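Coordinates in review
Letter by letter, the chains look like this.
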Amino acid sequence: MSLHCQKSAKGDKMNTHKFKADIHQDREDSEAMAIEPPFFEKYKAILQSSANEKEKPSTVEGFEELELPLIDLSHLNLGPLERQECIEKMGQAAIEWGFFQIVNHAVPDELLNRLKQEQIKVFQQPFDKKSENNFLNLSVQSYRWGNPLATSLRNLSWSEALHISLKDISKMDEYNKLRYFFSLYYLYYIIFPTIVGLHYQMPSAMAPCCCLRHLISVTVACLTQCAFEFASDRQHGLNFNLIRQHDPSTIEEYAEKANFLAQRLAEYLAQNLGIKANYFQENCSPSSSSLRMNRYPPCPCPSMMFGIIPHTDTDFLTIVSQDQVGGLQLKRNGRWVSVKPNPKALVVNIGDFYQALSNGVYKSITHRVIANQETERYSAAYFYCPTYETVIESCSKPSLYKKFSFKEYREQIQKDVKATGDKVGLSRFLL
Ligand SMILES: O=C(O)CCC(=O)C(=O)O
Ligand SMILES: [Fe+2]
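The structure presented is a predicted model; accordingly, all values stated were derived computationally and were not measured. (Residues numbered from 1 in each chain as written. Chains lettered and ligands numbered in written order. Predicted model: local features only at pLDDT ≥ 70, side-chain atom pairs only at ≥ 80, totals over all residues.)

Some words on the overall build of the protein chain
Within the protein chain, the regular secondary structure consists of 14 helices and 17 strands. Out of the 431 residues belonging to the protein chain, those deemed buried represent 32%. Intrachain contacts of the protein chain at a sequence separation of at least 6 include 77% that bridge at least 24 residues. (Helix = DSSP H or I, 4+ residues; strand = E, 2+ residues; numbered from the N terminus. Buried ≥ 20, exposed ≤ 12 C-beta atoms within 10 Å, placed from the backbone. Contact = placed C-beta atoms within 7 Å.)

Quick look at helix H14 (residues 406–420)
Between its first and last C-alpha atoms H14 spans 21 Å; for 15 residues at 1.5 Å apiece the expected length is 21 Å, and the two agree. The positive-phi residue at the C-terminal boundary of H14 is glycine 421, with phi of around 80°. (Expected span 1.5 Å × (residues − 1).)

Quick word on the sheet that holds strand E3 (residues 65–66)
Read from one edge of the open sheet, 5 strands run E3-E12-E11-E14-E9, paired in mixed fashion. Edge positions in the sheet fall to E3 and strand E9 (306–311), since each of these pairs with one other strand and no more. With 4 bridges connecting them, strand E11 (residues 328–332) and strand E12 (residues 335–339) associate as antiparallel partners. Across the sheet, the residue bridging to lysine 331 is tryptophan 336, located in E12. (Pairing = 2+ DSSP bridges.)

Observations concerning helix H4 (residues 80–96)
Its 17 residues place the ends of H4 24 Å apart at the C-alpha level, agreeing with the 24 Å of an ideal helix rising 1.5 Å per residue. Every buried residue of H4 is listed here: Met90, Gly91, Ala93 and Ala94. Mapping the buried residues of H4 onto a view down its axis gives an arc of 160°, with all of them on the same face. Two residues or fewer past H4, glycine 98 is found with a positive phi of approximately 75°. (Arc of directions from axis to C-beta.)

Some details on the site of ligand 1
Around ligand 1, the surrounding shell consists of Arg292, Asn294, Ile308, Asp313, Val320, Gln322, Leu328, His367, Val369, Ser379 and Ala381. Elements with a minimum of two residues in the shell around ligand 1: strand E8 (290–296), strand E10 (317–322), strand E14 (367–370) and strand E15 (377–384). Within the shell around ligand 1, the residues separate by chemical class into 5 nonpolar, 4 polar and 2 charged. (Near = placed C-beta within 6 Å. Nonpolar A, V, L, I, M, F, W, Y, C, P; charged D, E, K, R; others polar.)

Quick look at the sheet that holds strand E4 (residues 70–72)
The sheet built from 8 strands is open, its strands ordered E4-E5-E13-E10-E15-E8-E7-E6 with mixed pairing. A strand with exactly one partner marks an edge of an open sheet, and here the two such strands are E4 and strand E6 (143–145). Going from strand to strand, the sheet's axes swing by 25° on average, the running direction of each strand aside. Strand direction decides the pairing type here: E10 and E15, joined by 6 bridges, are antiparallel. Paired with leucine 317 across the bridge in E15 is tyrosine 384. (Axes fitted to C-alpha atoms, helices over the stretch in contact; angles between N-to-C directions.)

Thoughts on the nonpolar core
Among the nonpolar cores identified, the biggest contains 80 residues, and Ala262, Ala266, Met305, Leu317, Tyr382 and Tyr384 are the most heavily contacted of them. With 10 residues, helix H11 (residues 248–271) is the single largest residue contributor to this core. Setting aside chain neighbours within four positions, we find tyrosine 384 in contact with Ala262, Ala266, Cys284, Ser289, Asp315, Phe316 and Leu317. (Core = buried A, V, L, I, M, F, W, Y, C linked by C-beta atoms within 7 Å.)

Things to note about the pairing of E12
In this sheet, E12 lies alongside E3 in parallel orientation, the contact comprising 2 bridges. Within E12, the position partnered with glutamate 65 by the bridge is serine 338.

Observations regarding unusual backbone geometry
The omega torsion across lysine 397 and proline 398 is 0°, close enough to zero to call that bond cis. With respect to the helices and strands, the residue proline 398 is situated in the loop between strand E16 (391–392) and strand E17 (404–405). Positive phi is not limited to glycine here, since asparagine 104 has a value of about 55°. Summarising the element assignment, asparagine 104 is placed in the loop between strand E5 (99–103) and helix H5 (109–123).

Topic: the UniProt feature "domain: Fe2OG dioxygenase" (unreviewed entry) in the protein chain
Here the UniProt-annotated "domain: Fe2OG dioxygenase" (unreviewed entry) positions come out as residues 287–386. Secondary structure within residues 287–386 divides into 6% helix and 46% strand; the distance between the first and last C-alpha atoms comes to 9 Å. (UniProt positions renumbered as here; feature names shortened; annotations may be inferred.)

Details of the pairing of E11
When E11 meets E14, the two strands line up antiparallel, connected through 3 bridges. Within the sheet, the bridge partner assigned to glutamine 329 lies in E14 and is arginine 368. If you look at the hairpin formed by E11 and E12, you'll find 2 residues sitting between the two strands, and asparagine 333 has a positive phi there, around 50°.

Brief notes about the environment of leucine 156
Note on placement: leucine 156 falls in the loop between E6 and strand E7 (160–165). What makes leucine 156 buried here is the crowd of 24 C-beta atoms within 10 Å. In sequence terms leucine 156 and glycine 307 are 151 residues apart; their C-alpha atoms lie 8.2 Å from each other. In contact with leucine 156, other than residues within four places in its own chain, are Tyr43, Ile46, Gly146, Asn147, Ala150 and Met305.

As for the environment of tyrosine 384
Tracing the backbone through its elements, the reader meets tyrosine 384 in strand E15. Each C-alpha atom, one on tyrosine 384 and one on asparagine 259, is 7.0 Å from the other, the two residues being 125 residues apart in sequence.

Some points on the environment of serine 358
Summarising the element assignment, serine 358 is placed in the loop between helix H13 (352–357) and E14. Classification of serine 358 as buried rests on a count of 25 C-beta atoms within 10 Å. Along the chain, serine 358 and glutamate 393 lie 35 residues apart, while their C-alpha atoms are 8.7 Å from each other. Leave out the neighbours within four places in its chain, and serine 358 touches Leu273 and Cys395.

Here you go:
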């Protein structure tokens, strides 16, 4: 790939002289690798101007690698004492780290592996297809790559992501659509007329004839649709088999399990604070949350940009399933530390809403993902969120924060990102 980075004592350094010629080469490379987002093309100006900057976001520093507090959820079922200990340990981790990892979480390894395969299939599709407005029938801008508003390397994320609102999941299922189409057709044109026909003593010889005619027309319609899709996939250089194997129900299955788990975790954490048991049931619905699938392609200059820029999550809590490549870092006592991947564990982190709800007791910690020069990385983050209208109010007094609704919070973020390139976040709502 094109952007040359020379190793120096201080890390990678961009070679400006080569840069122009390389952009041309990039174009050819990106044509050959149609799945990769055109990072170089889009962020050319930032990359060029940063080549001359002295101050760059140095992301390679030999970070300490730490294991997050480990919570074994099987202890919840051992006995009242073990259960209480487990809940307190979870609360302590949320206070001291804002992060913990969970094992025996009841999400089968097999499902997590399938989810990763789904992610690979989604991101392997050509960039043109991924950036179409109705990619996989999801809402506009569900697919993100880089940061559309980036003004410097500091706010450029070298990653692509598919953000799936849970209310959209069913729309992804092409097979379901076909099945739905089939069943409706059967219902309206075959079952109903047959029943009505029988009821009004349609001559019995006519019924099979009627069914056969409709069966043939349904089959022809479906085959025609498949042929159109096939032609369109071929036009995009897509492997037809990959698409046919695409199975959004894995995503749905995972989202259901993650939602169940997130609600339980939120409830256990609430017990330490005296928040009423049904708070989350009342304010969150399965369709208010979302799943973000992340892919971090190898980055030619990992010391100069991030996989995901430093941020806090906006939700109550996030459940992250990551592969073993590593790269997730969090800010702890003013220093960046790396999270050691654990193949048996899911990572959980507290989001802004839980920090506000707990009146600052649980911490929504700034985290980021560093870029990797050699290896691509995958992760999936499940964001457990309230409905838009939910008003978040601290559970104890005096409150550190003003009351705000999810809608207000989101609108403020959008304003701030536009104006400053940064989400700003909870500090906007301090009293
Ligand atoms: O990839 C990861 O490990 C974390 C992703 C993340 O922080 C996010 O999607 O908000
Ligand atoms: Fe995050």
